[in-house]
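Listed below, chain by chain, are the residues.
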Amino acid sequence: KQWYQRRVRVSKKELLLNIIVLAFFLILCMGGGGAMGAVTADSFGDKSEWYRNITKPDWNPPSAVFGPVWSILYLLMAGAAFIVWRNTGFCEQPIPLTVFFIQLAFNFAWVLIFGVARSLLWSGIEIIVLWIAIVATMVLFYTVKKWTCVPLFPYLVWVTFAAVLNWTLWQMNKDNPYIHT
């Protein structure tokens, strides 16, 4: 039989485990991102006096863009992590998923450093560490299953853009009394 004619038999127990783990990754990524959004709802966008009063470049995206973009990115991240888990589990090769969890923690931390602590300098430093962690995650995911790094590419592009924006905001607002360095 050709590869597309083969049927994969999965036990009910294995199917249930797959559903649970996929739900775990979705809740972790999307729920964590949503929780960060809820915690910092008054720190970004039109609701935030601080964010309204910082000088922004002309190419700063409208606030309404961030929620949909991050929702898509978190969905892609969860899917990639799930595929890696399907190939390695949590114990067989723990390093790829461990690094994934670390980069996700850096992702969530950036929101707090930028929005809650209002530190453009420290969030700029932190986003570089996040970028490195994303690249490391992509390399490790590639070693598990080559294409699993592909869903993380839009994430890397967005964080690269965010890093440039973060540093630009810091440069434009060094003397702004609303900014904590």
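Above: the structure in question.
In this report, the structure presented in the accompanying data block is examined.

Cut-offs and rules
- Residues numbered from 1 in each chain as written.
- Predicted model: local features only at pLDDT ≥ 70, side-chain atom pairs only at ≥ 80, totals over all residues.
- Heavy atoms only, no water.
- Disulfide = S-S within 2.5 Å.
- Buried < 20%, exposed > 50% of the residue type's maximum accessible area, 1.4 Å probe, protein only.
- Helix = DSSP H or I, 4+ residues; strand = E, 2+ residues; numbered from the N terminus.
- Polar contact = N/O pair within 3.5 Å; in protein donor to acceptor, adjacent residues only side chain to side chain.
- Contact = heavy atoms within 4.5 Å.
- Core = buried A, V, L, I, M, F, W, Y, C linked by side-chain atoms within 4.5 Å.
- Expected span 1.5 Å × (residues − 1).
- Salt bridge = Lys/Arg side-chain N within 4 Å of Asp/Glu carboxyl O.
- Axes fitted to C-alpha atoms, helices over the stretch in contact; angles between N-to-C directions.
- Parallel < 35°, antiparallel > 145°, perpendicular 65-115°, else oblique.
- Left-handed = near helix turned anticlockwise from the far one by under 90°.
- Nonpolar A, V, L, I, M, F, W, Y, C, P; charged D, E, K, R; others polar.
- Patch = residues over 30% accessible without salt bridge, like charges linked within 9 Å, V, L, I, M, F, W, Y side chains within 5 Å.
- Areas by Shrake-Rupley, 256 points an atom, 1.4 Å probe, with all protein chains shown as cover.

Some details on the state of the cysteines
Stage number 1. In total, this model carries 0 disulfides according to the counting rule given.
Stage number 2. As a non-bridged cysteine, C29 has C149 as the owner of its nearest cysteine sulfur, 16 Å distant.
Stage number 3. Judged by its relative accessible area of 0%, C29 is buried.
Stage number 4. Residue C149 is classed as buried on the basis of its relative accessible area, which comes to 14%.

Observations concerning the side chain of N173
Stage number 1. Within the secondary structure layout, N173 lies in the segment after α6 (153-172).
Stage number 2. A polar atom in the side chain of N173 sits 2.8 Å from the backbone oxygen of L169.
Stage number 3. Those residues within four positions of N173 in sequence are excluded, and the remaining contacts are I54, T55, L120 and I179.

Thoughts on the nonpolar core
For soluble globular proteins, nonpolar side chains are generally found buried alongside one another.
Stage number 1. Among the nonpolar cores identified, the biggest contains 42 residues, and F25, M77, F100, F141 and Y155 are the most heavily contacted of them.
Stage number 2. For this core, the elements supplying multiple residues, two or more each, are α1 (12-39), α2 (49-53), α3 (63-88), α4 (94-116), α5 (120-144) and α6.
Stage number 3. The residues touching F141, leaving out its near neighbours within four places in the chain, are A80, A81, V84, P96, L97, F100, T148, C149 and L152.

Considerations on α5
Stage number 1. Look at α5: 36 Å from first C-alpha to last across 25 residues, which is about the 36 Å you get at 1.5 Å a residue.
Stage number 2. Contacts from the buried residues of α5 go to α2, α3, α4 and α6.
Stage number 3. Put simply, S119 is the residue that caps the front of α5, since its side-chain oxygen is 3.1 Å from the backbone nitrogen of W122.

Re the pattern of salt bridges
Stage number 1. A complete count under the given rule lists 1 salt bridge for this structure.
Stage number 2. Of the charged contacts, one joins R86 and E14 as a salt bridge, the two residues approaching to 3.8 Å between their closest N and O atoms. You can see R86 sitting in helix α3 and its partner E14 sitting in helix α1, a full 72 residues away along the chain.

Points about the packing of α5 against α6
For any two helices packed against each other, the geometry is given by the interaxial angle and the distance between the axes.
Stage number 1. It is at 9 Å that the axes of α5 and α6 come closest, and there the two elements cross at 165 degrees. Accordingly, the angle class assigned to the pair α5 and α6 is roughly antiparallel. Regarding α5 and α6, the two cross each other, and that crossing is left-handed. Residues L120, L121, S123, G124, I125, I127, I128, L130, W131, I134, V135 and M138 of α5 pack against F153, Y155, L156, V159, T160, A162, A163, N166, W167, L169 and W170 of α6.
Stage number 2. Partitioning the contact of α5 with α6 into residue classes produces 19 nonpolar, 4 polar and no charged.

As for a nonpolar patch on the surface
Stage number 1. Side chains of V10, L15 and I19 sit close together on the surface and give an oily, nonpolar patch of about 250 Å² of accessible area.
Stage number 2. Secondary-structure assignment places I19 in helix α1.

A word on the packing of α1 against α3
Stage number 1. For the pair α1 and α3, the least separation of the axes is 9 Å and the interaxial angle reads 145 degrees. Where α1 crosses over α3, the handedness of that crossing is right-handed. Contact residues: α1 offers E14, L17, N18, V21, L22, F25, L26, C29, M30 and G33, while α3 offers S71, Y74, L75, M77, A78, A81, F82, W85 and R86.

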